[in-house]
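Spelled out, the chains give:
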Amino acid sequence: MSLEQAIVDRIVEGAVPRITAEVERKIREELSLRKDPIPDRLIDAREASSLCGIKRGTWYDLVKGGYAPKAISLSDTLKRWKLSEVMEYIEQRQGLRDIPVK
């Protein structure tokens, strides 16, 4: 029986107060079994630029200028970026948005 089905069964039985504690316990168990809840993966320039909300050419310009994370070369023409590094870059840029530009 799936977790969702168990929840539905409990709601139908009128055991709503017990559901929250049970679900919370199962979530905590699942998270404690995982070393990294968000697995890191490699993404291409299209996905990296899409995450940043910019065009692919702009992404390459930022990388070339040293502003964005460096690519991992899988071959002469195949470049990929770690998702965690791209997300870190976005978070850093968000932190700078409140600093006034001169």
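For the structure itself, look to the data block above.
Residues numbered from 1 in each chain as written. Predicted model: local features only at pLDDT ≥ 70, side-chain atom pairs only at ≥ 80, totals over all residues. Heavy atoms only, no water.

A. The environment of Leu74, seen in detail. Its location among the elements puts Leu74 in the loop between strand E2 (72-73) and strand E3 (79-82). Non-local contacts of Leu74, meaning those with residues more than four positions away in its chain, are made with Leu42 and Arg80. (Helix = DSSP H or I, 4+ residues; strand = E, 2+ residues; numbered from the N terminus. Contact = heavy atoms within 4.5 Å.)

B. Here's a closer look at helix H3 (residues 45-52). Within H3, the full set of buried residues consists of Ala45, Ala48 and Ser49. Angularly, the buried residues of H3 cover 95° about the axis, an arc narrow enough to put them on a single face. Turned more than 90 degrees off the buried face of H3, the exposed positions are Arg46 and Ser50. In this fold, the buried residues of H3 make contact with strand E1 (42-43), helix H4 (56-64), E3 and helix H5 (83-95). Residue Gly53 follows H3 closely and has a positive phi angle near 75°. (Buried < 20%, exposed > 50% of the residue type's maximum accessible area, 1.4 Å probe, protein only. Arc of directions from axis to C-beta.)

C. Summary view of the pattern of salt bridges. One pass over the full model with this rule turns up three salt bridges. Of the charged contacts, one joins Glu47 and Arg41 as a salt bridge, the two residues approaching to 2.6 Å between their closest N and O atoms. We classify Arg41 as partly exposed; its relative accessible area is 42%. The partner of Asp44 in a salt bridge is Arg46, and the shortest N-O contact between them spans 3.8 Å. (Salt bridge = Lys/Arg side-chain N within 4 Å of Asp/Glu carboxyl O.)

D. Spatial organisation of the pairing of E3. Taken together, the two bridges between E1 and E3 define a ladder with antiparallel strand orientation. Bridged to Leu42 within E3 is Lys82. Pairing of E2 with E3 involves two bridges; the strand directions are antiparallel. The residue bridging Ser73 from the neighbouring strand is Lys79, located in E3. Taking the residues between adjacent antiparallel strands as the criterion, E2 and E3 are bridged by five residues. (Pairing = 2+ DSSP bridges.)

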